[in-house]
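Observations on chain architecture
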Amino acid sequence: MPQDYHSQVKPEPSHQPMDPQISSMIPTSSWFTPKRLLAIFCVINLLNYVDRGAIASNGVNGSRGTCTEGGTCSSGSGIQGDFNLNNFEDGVLSSAFMVGLLVASPIFASLAKSVNPFRLIGIGLSVWSLATLCCGFSFNFWSISVCRMLVGVGEASFISLAAPFIDDNAPVTQKTAWLAIFYMCIPSGYALGYVYGGFVGSHFGWRYAFWVESLLMLPFAISGFFMKPLQLRGFVPADSEKELTPEAVVSVVQVTEASSGKDEPLSLKAELRDKSSDHNFKSKSATQINEKFSRFLKDMKALLLDKVYVVNVLGYIAYNFVIGAYSYWGPKAGYNIYHMADADLIFGGITIVCGTVGTLAGGFILDYMNNTLSNAFKLLSTTTFIGAAFCFGAFLFRSMYGFLALFSIGELLVFATQGPVNYVCLRCVKPSLRPLSMAMSTVAIHIFGDVPSSPLVGVLQDSINNWRTTALILTSILFPAAGIWFIGIFLHSVDEFDEDSENQVSNVERSTTMPLLLGKTGATSASPSLSQEH
């Protein structure tokens, strides 16, 4: 019996030719393994958030030029000083990239159905590299604002598509852990960017910080075009051979007739053919645009009707509302409540340590629990509720050391959500919807979460003029977030990672667990077809 079994699963290339559509999805180089893909994506994600930290650091460390009553003026420093920006304009620069990110994320997610996603990442990173380079050459507020928006456009391609690639290629028992490693780069990259921006800005000038970022990202942008493109699960390979269309057949017949020496006037035929092809091209282009827009609306409807997805994103919005305000107002609140001398460094240190450890721990714990959607909601609601209790209690402490101890534990627990929440976004929808799922999740948590939270908390503080009360009110929003995720435990949830979609190519693709490993993929792909024949 064991011999028969092994004889069935053993790949026999001579008897089982692989489908050309499937073989085009398998890289020819064995160097490009899943772990290396994860490492590359982590570095790219790190650079994205280093850039965010660098622009935030310049906003804090830069200053506007001042003049005394006697007429003596001193020049400012950083971007604010060079362009003579007021505080509002300086604040706009730190969030301008959000405009490009929010507009481009759904576009890149939709294009993934007609263009190879790996190539889209290459295009996006090229835009990112060019935009950061131009940031260094900007000459006024509007020029650098436009460049910052383009940075967001470039980042949108990566944010929408990187997580699905990681989910496709991670080991089955470590899916959430791999996602946690990827999202760990958010707090660590932001904190690193803060230090990097301050150091480079003070020693060489703020322009050099952007130029160095551009050079560091350039090799990854180039690799997106020259490395064999990878294919996401649930999508037909974009570079597969296309069948001859009726228009192409007609063209071939016309060329054949012309070359056979018939007496018809060739110039008239050519003119008619050009007019016909131009009309067909315009008609086909309009049809394709309408089809893509209809498909986008259909996919959006599917997301909005998915209760698991909606509950997950609603909880994520409330969560991100608090985290966004923490990152902006935390140091100032700590300085005013506990008179911390280096509040920015203290909060930055807590964030990078607790963010890194908590994010990794959340991913590994969910994998240990068995990474199901129900278990993900259990972990999300539990860690958020307990973390909120610790953070709330921290702001009640009169002692700074008591505050730091409780707040550190609270942040450790709160950051454990990063892996599970994105795991749910990926697994509650069909494979073909994952890029759009990640894109719309990103759009939602920014539009309704961290973008409005900072100004709203500022308005609240101006109204009550008590940082302790403001911090307690803000922290209390984590409890509704935990409650929303708690509802998700009782929803009927199905992991749709292996579900068919309208673009699924075959059962062979669906059975592939590690498509980047050439040897293992070939063996795995051959097994189902062989066993079916026997």
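Thresholds, definitions, all that
- Residues numbered from 1 in each chain as written.
- Predicted model: local features only at pLDDT ≥ 70, side-chain atom pairs only at ≥ 80, totals over all residues.
- Heavy atoms only, no water.
- UniProt positions renumbered as here; feature names shortened; annotations may be inferred.
- Helix = DSSP H or I, 4+ residues; strand = E, 2+ residues; numbered from the N terminus.
- Buried < 20%, exposed > 50% of the residue type's maximum accessible area, 1.4 Å probe, protein only.
- Contact = heavy atoms within 4.5 Å.
- Areas by Shrake-Rupley, 256 points an atom, 1.4 Å probe, with all protein chains shown as cover.
- Patch = residues over 30% accessible without salt bridge, like charges linked within 9 Å, V, L, I, M, F, W, Y side chains within 5 Å.
- Salt bridge = Lys/Arg side-chain N within 4 Å of Asp/Glu carboxyl O.
- Lys, Arg positive; Asp, Glu negative; His and termini not counted.
- Charge placed at Lys NZ, Arg CZ, Asp CG, Glu CD.
- Axes fitted to C-alpha atoms, helices over the stretch in contact; angles between N-to-C directions.
- Left-handed = near helix turned anticlockwise from the far one by under 90°.
- Nonpolar A, V, L, I, M, F, W, Y, C, P; charged D, E, K, R; others polar.
- Parallel < 35°, antiparallel > 145°, perpendicular 65-115°, else oblique.

The protein chain has the name Major facilitator superfamily (MFS) profile domain-containing protein in an unreviewed UniProt entry, where Phaseolus vulgaris is given as its organism. Reading the Subcellular location (unreviewed entry) entry of the UniProt record for the protein chain gives the comment "Membrane". Quoted verbatim from the Sequence similarities (unreviewed entry) field of the UniProt record, the comment on the protein chain reads "Belongs to the major facilitator superfamily. Spinster (TC 2.A.1.49) family."

The number of helices and strands found in the protein chain is 23 helices and two strands. Looking at the protein chain as a whole, 48% of its 534 residues qualify as buried. Of the contacts formed within the protein chain by residues at least 6 apart in sequence, a portion of 82% connects residues at least 24 apart. Per element, the accessible surface of the protein chain, about 25,600 Å² overall, is 66% carbon and sulfur.

Side chains of Ile 123, Leu 215, Leu 218, Ile 222, Phe 225 and Phe 226 sit close together on the surface and give an oily, nonpolar patch of about 610 Å² of accessible area. The leading source of residues in the nonpolar patch is helix 11 (residues 206-226), at five residues. Its relative accessible area of 40% is what places Ile 222 among the partly exposed residues.

The subject of this paragraph is a positive patch on the surface. A contiguous patch of positive charge on the surface is contributed by Lys 292, Arg 295, Lys 298 and Lys 430. If you trace the backbone, Lys 430 turns up in the loop between helix 18 (418-427) and helix 19 (434-464).

Let's shift gears to the environment of Leu 478. Looking at the secondary structure, you find Leu 478 in helix 21 (residues 478-488). Judged by relative accessible area, Leu 478 falls into the buried class, the value being 0%. If we skip the residues at most four places from it in the chain, Leu 478 touches Tyr 319, Val 322, Thr 384, Ala 388 and Val 414.

What follows covers the side chain of Thr 132. Counting through the fold element by element, Thr 132 comes out in helix 7 (residues 117-137). The residues contacting Thr 132, other than those within four sequence positions of it, are Asp 51, Val 151, Phe 210, Glu 213 and Ser 214.

The next point concerns the packing of helix 6 (residues 97-111) against helix 8 (residues 141-169). One way to put it is that helix 6 packs onto helix 8 with a least axis distance of 6 Å and a crossing angle of 35 degrees. By crossing handedness, the relation of helix 6 to helix 8 is classed as right-handed. Here helix 6 contributes Phe 97, Val 99, Gly 100, Leu 101, Ala 104, Ser 105 and Phe 108 to the contact with helix 8, which in turn contributes Arg 148, Met 149, Gly 152, Val 153, Glu 155, Ala 156, Ser 157, Ile 159 and Ser 160. A class-by-class count of the residues in the contact of helix 6 with helix 8 yields nine nonpolar, five polar and two charged.

Before going further, it helps to examine the packing of helix 20 (residues 467-476) against helix 21. Their axes nearest at 4 Å, the elements helix 20 and helix 21 cross at an angle of 5 degrees. Here helix 20 is positioned roughly parallel relative to helix 21, judged by the angle of their axes. For the pair helix 20 and helix 21, contact is made by Leu 474, Thr 475 and Ser 476 and by Leu 478, Phe 479 and Pro 480, respectively.

Relative to the helices and strands, Ala 221 is located in helix 11. Note: C-alpha distance between Ala 221 and Trp 128 (93 residues apart in sequence) is 8.7 Å.

Before going further, it helps to examine unusual backbone geometry. A positive phi angle is found at Asn 370, which is not glycine, with a value near 90 degrees. Looking at the secondary structure, you find Asn 370 in the loop between helix 15 (343-369) and helix 16 (373-396). In this structure Asn 370 comes out as partly exposed when scored by relative accessible area, which is 45%. Of note in this structure, Asn 465 is not a glycine but carries a positive phi near 55 degrees. The exposure class of Asn 465 is exposed, given its relative accessible area of 63%.

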